[in-house]
Amino acid sequence: MQPFTCFMASLLVLALVSFTTISATPRLRLETDSDTDFIKASCEATRYADLCFKTLSPFATTVQSSQMQLASLALSVSLKSAKSTSKAVRELLKGRDVSMQDGMAVEDCLENMSDSVDEMRKSVVEMKGLDGPDFEEKMGNVKTWVSAALTDEDTCMDGFQENVGKMKETIRGYIVNVAELTSNALALISNIS
């Protein structure tokens, strides 16, 4: 074999080995405009579209264009917010001299938020197992539980209707955010066919 031919054959073998190694190496998928466009378009179907996009767009590479992934993620974001809200509301009672009326309203709110967290936890678990012949039944369960969680969050605020002051406004700020996230999750879940 001539030296030039040997050299070319060696380059070809080296190129093939390099290509095989590179293609076998896992690659990180970079976010594309279509990923964020999908989330933006999906969020338009929610009541709080700006909040939806703000909370879910950081996960565009995970979601890509999966309605199921987007709805599951929205539910997880809502659950996380409900947990942190429960903790924040509980912290409001610590070391404070609160009126009996505020104290009762906070206790009722905490009970409602606990129920909301439980319902969303069940929904997150059910969303992971939606494949199979009982899809419709499981999806019905998820919608029911998320709707109940939203009702619990609204009921939390109902206990403060007669109250005035800073505690009511502070708790309202927390609950409104959770309720909006839960509403968005429910809308995205309802879009899954």
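The residue count restarts for each chain, going from 1 along the sequence in the order it is written. Side-chain atom pairs in this predicted model are given and counted only at pLDDT of 80 or more, local residue features only at pLDDT of at least 70, and totals for whole chains, interfaces and linings cover all residues. Water and hydrogen atoms play no part in the side-chain values, which are based on all heavy atoms of the structure.

In the nomenclature of an unreviewed UniProt entry, the protein chain corresponds to Pectinesterase inhibitor domain-containing protein from the organism Lactuca virosa. Taken verbatim from the UniProt record of the protein chain, the Sequence similarities (unreviewed entry) comment is "Belongs to the PMEI family." UniProt positions are given in the numbering used here, feature names are shortened, and annotations may be inferred rather than shown by experiment. Under the UniProt heading Subcellular location (unreviewed entry), the note attached to the protein chain is "Secreted, Extracellular space, Apoplast".

Core analysis: the largest hydrophobic core is formed by 46 residues, its most contacted members being I39, L56, L75, M127, I171 and I189. For this core, the secondary-structure elements that each account for two or more residues are helix 2 (33-43), helix 3 (49-56), helix 4 (60-63), helix 5 (67-93), helix 6 (100-128), helix 7 (135-158) and helix 8 (166-190). Runs of H or I in DSSP of at least four residues are treated as helices and runs of E of at least two as strands, each being numbered from the N terminus. Ranked by the residues each element gives to this core, the list is headed by helix 5, at 10 residues. In these notes, a set of buried Ala, Val, Leu, Ile, Met, Phe, Trp, Tyr and Cys residues joined through side-chain atoms within 4.5 Å is what counts as a nonpolar core. Buried residues are those whose accessible area, probed at 1.4 Å on protein chains only, stays under 20% of the maximum for their type, while exposed residues exceed 50% and partly exposed ones sit between those limits.

Positive phi, close to 50°, is recorded for Q64, a residue that is not glycine. On the basis of relative accessibility, which here comes to 32%, the residue Q64 falls in the partly exposed class.

Cysteine sulfur pairs qualify as disulfides if the two atoms are within 2.5 Å. Going through the model one piece at a time under the given rule, you end up with 2 disulfides. Taken in sequence order, the bonded cysteines of the protein chain link in the pattern 1-2, 3-4.

On to the packing of helix 2 against helix 3, then. With their axes 8 Å apart at the nearest point, helix 2 and helix 3 run at an angle of 150° to one another. By the criterion of interaxial angle, the relationship of helix 2 to helix 3 is roughly antiparallel. Helix 2 and helix 3 meet at a crossing whose hand is right-handed. Together, T36, I39, K40 and C43 of helix 2 and A49, C52, F53 and L56 of helix 3 make up the contact between the two elements. The nonpolar class holds Ala, Val, Leu, Ile, Met, Phe, Trp, Tyr, Cys and Pro. Asp, Glu, Lys and Arg form the charged class, and all remaining residues, Gly among them, are polar. Of the residues belonging to the contact of helix 2 with helix 3, the class tally is 6 nonpolar, 1 polar and 1 charged. The angle between two axes is taken between their N-to-C directions and runs from 0 to 180 degrees, where each axis is a line fitted to C-alpha atoms and a helix contributes only its stretch in contact. Angles below 35 degrees are treated as roughly parallel, those above 145 as roughly antiparallel, those between 65 and 115 as roughly perpendicular, and all remaining angles as oblique. Put simply, a crossing is left-handed when the front helix is turned counterclockwise from the back one by less than a right angle, and right-handed when it is turned clockwise. Note on contacts: a residue pair qualifies if any of its non-hydrogen atoms lie within 4.5 Å across the two residues.

Two residues of an α-helix separated by three or four positions point the same way, owing to the 3.6 residues in each turn. Among all positions of helix 3, only A49, L51, C52 and L56 are buried. For helix 3, the buried positions fall inside an angular range of 160° around the axis, keeping them on one side. Residues D50 and K54 are exposed on helix 3 and point more than 90 degrees away from its buried face. Those residues of helix 3 that are buried are in contact with helix 2, helix 4, helix 5 and helix 8. Throughout, the arc means that of the directions going from the helix axis to the C-beta atoms.

Secondary-structure assignment places S57 in the loop between helix 3 and helix 4. On the basis of relative accessible area, S57 is assigned to the buried category, the value being 15%. For the purposes of these results, a polar contact is taken to be a pair of N or O atoms within 3.5 Å, where, inside protein, one atom must be able to donate a hydrogen and its partner to accept one; residues adjacent in sequence count only when each atom of the pair is a side-chain atom. Here the side chain of S57 touches F53 through a polar contact of 2.8 Å, landing on its backbone oxygen.

The next point concerns the side chain of S78. Within the secondary structure, S78 is located in helix 5. In this structure, S78 is in contact with M120, V178, L181 and T182, ignoring residues within four places of it in sequence.

This part is about the packing of helix 5 against helix 8. Packing of helix 5 against helix 8 leaves a shortest axis separation of 8 Å and a crossing angle of 165°. Between helix 5 and helix 8, the angle falls in the class roughly antiparallel. Crossing of helix 5 over helix 8 shows left-handed handedness. Of the residues that constitute the contact of helix 5 with helix 8, the class distribution is 18 nonpolar, 7 polar and no charged.

So, about empty space enclosed by the protein. Taking a probe equal in size to a water molecule and rolling it over the atoms shows the remaining empty space. Computed over the protein atoms alone on a 1 Å grid, cavities are sets of points where a 1.4 Å probe fits but cannot get out and pockets are open sets with protein on both sides within 12 Å along at least five of seven lines; a residue lines them when it has an atom within 4 Å of a point. Grid points are joined across faces, edges and corners, and a volume is the space filled by probe spheres set on the points. Summed over the entire model, instances satisfying the criterion amount to 1 cavity of 30 Å³ or more. Estimated volume of the largest cavity: approximately 40 Å³. Lining the largest cavity are C52, T55, L56, A74, V77, L181, N184, A185 and L188. Take the lining of the largest cavity: its biggest share by element is 4 residues, from helix 8. Grouping the amino acids of the lining of the largest cavity by side-chain chemistry returns 7 nonpolar, 2 polar and no charged.

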